[in-house]
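Listed here are the chains, written in short residue letters.
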Amino acid sequence: MPMAPESVISTLRNPSQLSWVNLPRTLMLAYQSFGVVYGDLCTSPLYVYKSTFIGKLQDHRNEDAIFGAFSLIFWTLTLIPLLKYVFILLSADDNGEGGTFALYSLLCRHAKFGLLPNQQAADEELSAYKYGPSRQGQSSLPLKRFLEKHKKLRTALLIVVLLGASMVIGDGVITPAISVLSSVSGLQYTAHKLTHSEVLLLACVILVGLFALQHYGTRRVAFIFAPIVITWLITIFAIGLYNTIHWNPKIVRALSPYYIIKFFRETGREGWISLGGILLCITGTEAMFADLGHFTAFSIRLAFAFVVYPCLVVQYMGQAAYLSRNISSIPNSFYDSIPDAVFWPVFVIATLAAIVGSQAIITATFSIVKQCHALGCFPRVKVVHTSKNIYGQIYIPEINWILMIITISITIGFQDTTLIGNAYGLACMTVMFITTCLMSLVLVFVWQSSILLVAAFLLFFGLIEGLYLSSAIMKVHQGGWISFVLAFIFLVIMFVWHYGTRKKYNFDLHNKVPLRWLLGLGPSLGIVRVPGIGLVYSELATGVPAIFSHFVTNLPAFHTVLVFVCVKSVPVPYVSPEERFLVGRVCPRPYRMYRCIVRYGYKDIQRDDGNFENQLIQSIAEFIQMESVEPTLSSSDSTPFDGRMAVISTRSIQSSPFLSVSEQEDFEEIDSIQSSKSITLQSLRSSYDDEQPQMKRSHVRFQLPPNPGMDSSVREELLELIQAKEAGLAYIMGHSYVKARRSSSFVKKLVIDIGYSFLRKNCRGPAVALNIPHISLIEVGMTYYV
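Conventions adopted
- All residue numbers refer to positions counted from 1 along the written sequence of the respective chain.
- With the structure being a predicted model, the display of local features is reserved for residues of pLDDT at least 70 and the display and counting of side-chain atom pairs for 80 or more, all residues being used for whole-chain, interface and lining totals.
- Only hydrogens and water are set aside; all other atoms, that is, all heavy atoms of the structure, feed into the side-chain values.
- Nonpolar cores were defined as sets of buried Ala, Val, Leu, Ile, Met, Phe, Trp, Tyr and Cys residues, with membership established by side-chain atoms within 4.5 Å.
- Buried residues are those whose accessible area, probed at 1.4 Å on protein chains only, stays under 20% of the maximum for their type, while exposed residues exceed 50% and partly exposed ones sit between those limits.
- In this text, helices come from DSSP runs of H or I with a minimum length of four residues, and strands from runs of E with a minimum of two, each type numbered from the N-terminal end.
- Note on definitions: a residue-residue contact is assigned when non-hydrogen atoms from the two residues lie within 4.5 Å.
- Here, axes are lines fitted to C-alpha atoms. For helices the fit covers the stretch in contact, and angles between N-to-C directions go from 0 to 180 degrees.
- Angle categories: roughly parallel below 35 degrees, roughly antiparallel above 145, roughly perpendicular from 65 to 115, and oblique for all the rest.
- Crossings are sorted by hand: turned counterclockwise from the far helix by less than a right angle, the near helix makes the crossing left-handed, and turned clockwise it makes it right-handed.
- In this classification, the charged set is Asp, Glu, Lys and Arg, the nonpolar set is Ala, Val, Leu, Ile, Met, Phe, Trp, Tyr, Cys and Pro, and all remaining amino acids, among them Gly, are polar.
- Two aromatic rings, drawn from Phe, Tyr or Trp (for Trp, its six-membered ring), form a pair once their centres lie within 6.5 Å of each other, and the interplanar angle then sorts them: stacked below 30 degrees, edge-to-face above 60, tilted otherwise.
- Think of it as a cone above the ring: NZ of Lys or CZ of Arg counts as a charge over the ring if it is within 6 Å of the ring centre and within 35 degrees of the ring normal.
- Between any two strands, pairing holds if DSSP finds at least two bridges.

Attention shifts here to the nonpolar core. Of all hydrophobic cores here, the largest spans 168 residues; its most connected members are Tyr38, Phe70 and Trp232. No other element matches helix 19 (residues 417-445), which puts 16 residues into this core. Every residue in contact with Tyr38, bar those within four places of it in the chain, is listed here: Ser33, Met288, Ile300, Ala303, Phe304 and Val308. Tyr600, Ile648, Ile722 and Met733 belong to the second-largest nonpolar core, a separate cluster that totals 36 residues.

Take a look at the structure:
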C-alpha cells in the first residue's frame with residue numbers, strides 16, 4: 001500500500017492543510033488515494049447483482065425488482081459511504097489518523113477507558129495526547145465516571161474494538177478470494193470457455209503469486225496502482241452510461257426511494273434477506289477512514305465525491321438497465337453487460353483492479369496486526385520494513401503465509417463468489433456497525449455533542465446498518481459462518497495474549513524490589529561493580545523489577561552504571577523523537593542508577609538503525625547536565641528519587657557544550673566488548689558479526705570537552721558514564737515462565753497454562769523484537785504464578 005513519507009505525513013496532520021490554498025498537493029494526494037483506498041470498493045460491481053438475486057428472490061426476477069435493487073444500491077452508497085464516512089467520520093481523526101484504533105485511542109485519552117499497563121501522568125503531556133477538544137461537557141460527566149469506574153465495561157469496550165480488528169483481518173482473507181475469483185470468472189462465458197476447475201486453478205495461481213510477492217513491498221509497483229483504478233473507474237463509467245442509454249434510460253427513475261418501498265412490498269421477507277447481497281456495494285468503504293493517516297480528509301472527500309461515487313452509481317445504473325431487458329444474465333451480469341468489442345480489455349483491467357484491491361487490504365491487515373500488538377493484544381511477530389523512503393510500509397511474514405493458506409482454502413472450499421460474498425458482507429457490515437457505536441461514544445466524550453444529536457446519529461445509522469447486518473446474519477449457514485470462525489479465532493488469540501500480558505505485568509507490579517532495600521545496601525549495592533553499562537529491560541515504568549534482585553542474589557556482581565529500560569506504547573498514533581525518551585534517577589547520584597522510558601505510539605515503527613544505545617547514553621548525559629541546573633530535578637530528602645523524570649529530545653546524535661560526539665564506521669572494532677581483555681570474547685563477537693553483516697553499525701564515541709564552569713560532581717558522573725559506555729553494554733532481560741496458581745479456576749488454567757504459554761512459545765522472543773544482540777544478552781529465569 002503506497003504511503004506518503006514521514007515528513008509529508010507530519011505536515012499533513014496540520015488541520016490547515018485541508019484548505020483550498022493547498023489544492024495542488026491535495027489533488028496529488030487524491031490521485032494517490034485511488035490506488036490505496038478505493039481498489040476494493042470499486043471492484044464491487046463484479047458481484048453485487050449476482051449475490052442479490054439468489055435464493056427465493058429468483059422468483060422476483062422482473063423489471064420492478066431490478067429497479068428496486070438499483071434504488072437500494074444508490075441510497076446505500078449515498079447514506080453510508082457518502083454521508084456517514086465522507087461528511088462525518090473523516091472528521092473524527094486522531095492526529096490525522098483514522099480507523100477503529102484511532103477512535104479507541106481518542107476515547108482512552110478523553111475518558112480514561114484504556115487498559116494499557118504502565119501508563120503515567122507524563123504521557124498526558126505529549127503534544128499528540130492533547131489533540132482534540134480540551135473542554136469537558138457537564139452532560140457526559142456522569143456516564144464518563146460510570147464507565148471509568150467499572151473495569152468490566154472497559155474490558156467489554158476493548159473486546160468490541162478487537163472484534164472489529166478481527167473482522168478486518170478476516171477481510172484480508174476474504175477480499176482476495178472474492179475479488180480475484182470474480183474477475184477471472186468471466187472466462188467461463190467467453191467464446192473459448194474455460195471449465196470451472198480451470199478458472200479455479202487460475203484464481204489460485206494469481207493468489208499464490210499475490211502473496212508470494214508481498215515481501216518485496218508495493219513500492220516498486222505502487223506508481224501504477226492509481227492509474228489502474230482510475231482506468232477501471234473510467235471504463236465502468238463508460239460502460240454504465242452506454243448500457244443506460246442503449247438498454248433502458250427509464251432506469252433513472254429508480255433514483256427515487258419510491259422504488260425501494262415498492263421492492264419490499266413485492267418481495268417481502270426475501271427482499272430483506274437480499275440486503276445481504278446489496279451491502280456488497282459498500283464493502284471496502286472502511287478503507288476511506290482506516291487509511292486517513294496517509295492522506296488528508298479533504299483529498300479523500302474530493303476523490304470519492306467527484307470521481308468514485310458518480311462512476312459507481314452510473315455503473316450500477318447501467319447494469320440495472322441491461323438486466324431489466326436481459327433478466328437471464330443476472331448470474332453473470334457484469335461481463336454479459338460489456339459490449340463484445342471491449343470484453344478482453346475490460347477483463348484485463350478488471351483482473352488488475354481486483355489485484356490492487358486485494359493488495360490494499362492485505363497491507364492494511366499487516367498494519368492492523370501491528371497496531372494490535374502495540375495495544376498489547378497480539379503476540380510478537382516479525383515486522384519487515386519494505387521501503388526506506390515510504391513510512392509505514394511493512395510486511396509480516398507469518399501473517400502473510402497464514403492469510404495465503406486460509407485464502408486459498410476458502411477459494412477451493414467454496415468455489416462460489418456468492419457464498420464467499422455472504423461471508424464478506426457479514427465481516428464488512430460488522431466493522432461498520434462497530435465503527436458507528438464507537439463514533440457515538442466519540443460524539444459524547446470527545447466532541448461533547450448533545451445527547452439528542454448523538455441519539456439521532458446512532459439511531460439513524462445504527463438502524464440502517466443493523467438492518468443490513470441482520471440480513472447478513474441470516475446467511476451464516478450459506479458461507480457467512482466463515483467470518484465468525486475467523487473472527488473468533490483471532491479474537492481468542494488477541495484476548496488470551498492481552499489477558500496473560502496483563503497478569504504478568506500485575507505480578508511484576510506487586511513484586512517490585514522496595515527502594516528502601518536498595519538504599520540500605522549503599523552505593524555499591526553490596527556487590528561488585530564491574531566496568532560497563534547494564535541495561536535491565538522491564539515493563540515497569542516505576543520501581544525496580546524482581547529480576548534485578550533475582551540476578552544480584554545469584555550473581556553478586558553488576559555494572560558500574562545501571563539503567564532500567566521500559567519500552568512501552570501510549571494511546572497516540574505517533575510520538576515525536578523530541579518526546580520519546582523519559583529519563584530519571586532510581587537512587588541518589590552515587591548509585592549511578594537511572595531509568596529510561598521509551599515511548600511509542602500505536603502506529604510508530606521501531607527501526608533497528610543502531611542508534612538506540614547511543615541515543616540512550618546521550619539522553620542520560622543530557623539529564624545529568626539538566627539536573628544540575630533544574631531545581632525541580634535535583635535531589636532532596638523530602639521527595640522520592642524514583643518518579644522524577646525529564647523529557648529528553650533524541651532526534652539525532654550530535655555534540656553539545658558538555659558532550660562531544662565523533663562517529664566512524666565500525667569495521668575494525670566492536671564497541672560493546674572492545675575493551676575486554678578476553679581474546680575469546682573478541683573472537684566470538686567477530687565471528688558473530690561476520691555471520692550477520694547487516695548488524696554492523698557505526699561506532700559513536702563520546703568525549704568530555706574542556707569546560708571549566710562545569711560542576712565537579714557532574715563532570716565526574718559524565719566521565720564515569722563515558723568510560724562505562726566504552727567498556728561495553730550488557731542487556732539483562734527476564735526469561736519468564738508464566739503459570740496459573742494452583743488455586744486458579746479451570747478456565748484460567750486453560751487460558752494461562754495452555755493458551756498463553758502456547759502463544760509465548762511460538763511467537764518472537766522479546767529480545768528479538770527489541771533488536772537486542774544475542775552476544776550481549778543475559779537472561780534471568782523466573783517463574784510467574786499469576
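That was the structure; now back to the text.
Running from N to C, helix 6 (residues 100-111) and helix 19 cross one another at 30°; their axes reach a closest spacing of 10 Å. Classified by the interaxial angle, the pair formed by helix 6 and helix 19 is roughly parallel. Here helix 6 and helix 19 pass one another in a crossing that is left-handed. Residues Thr100, Leu103, Leu107, His110 and Ala111 of helix 6 pack against Thr435, Leu438, Met439, Leu441, Val442 and Phe445 of helix 19. Of the residues that constitute the contact of helix 6 with helix 19, the class distribution is eight nonpolar, three polar and no charged.

One pass over the full model with this rule turns up 26 aromatic pairs. Considering the side-chain rings of Trp344 and Phe347, the 5.8 Å spacing of their centres and the 85° angle between planes classify their relative orientation as edge-to-face. A residue pair is termed a helical-turn pair when its members lie 3 or 4 positions apart in one helix, as Trp344 and Phe347 do in helix 17 (residues 343-374) at three residues. A relative accessible area of 46% places Trp344 in the partly exposed class. Each residue in the set Trp232, Phe334, Tyr335, Phe343, Trp344 and Phe347 is aromatic and connected to the rest through ring pairs, giving one cluster. Looking at Lys504, its charged tip hangs above the ring of Tyr784, at a distance of 5.0 Å from the centre.

In this section: the sheet that holds strand 7 (residues 645-648). Pairing in this open sheet of seven strands is mixed, and the strands run 7-5-6-4-3-10-11 from one edge to the other. Every other strand in the sheet has two partners, leaving strand 7 and strand 11 (777-785) as the edge strands with one partner each. Averaged over neighbouring strand pairs, the angle between their axes works out to 25° when direction is ignored. Note that strand 3 (residues 528-537) and strand 4 (residues 557-569) share eight bridges and pair parallel. Directly across from Arg529, in strand 4, lies its bridge partner Phe558. Relative to strand 11, helix 23 (residues 546-554) is tilted by about 115°, and along the sheet it contacts strand 3, strand 4, strand 10 (729-739) and strand 11. Contacts from helix 26 (residues 712-727) reach strand 3, strand 4, strand 5 (581-585), strand 6 (593-600) and strand 10 within the one sheet, and its direction differs from that of strand 3 by about 80°.

Let us now look at the packing of helix 17 against helix 18 (residues 397-414). The angle between the axes and the distance between the axes are what describe a pair of packed helices. Two numbers describe how helix 17 lies on helix 18: the axes approach to 10 Å, and their chain directions differ by 130°. On the basis of the axis angle, helix 17 is oblique to helix 18. Helix 18 is crossed by helix 17, and the crossing has right-handed handedness. Here helix 17 contributes Ile362, Thr365, Phe366 and Val369 to the contact with helix 18, which in turn contributes Ile399, Asn400 and Leu403. Its residues placed into classes, the contact of helix 17 with helix 18 shows five nonpolar, two polar and no charged.

So yeah, pure geometry; function would need other evidence.
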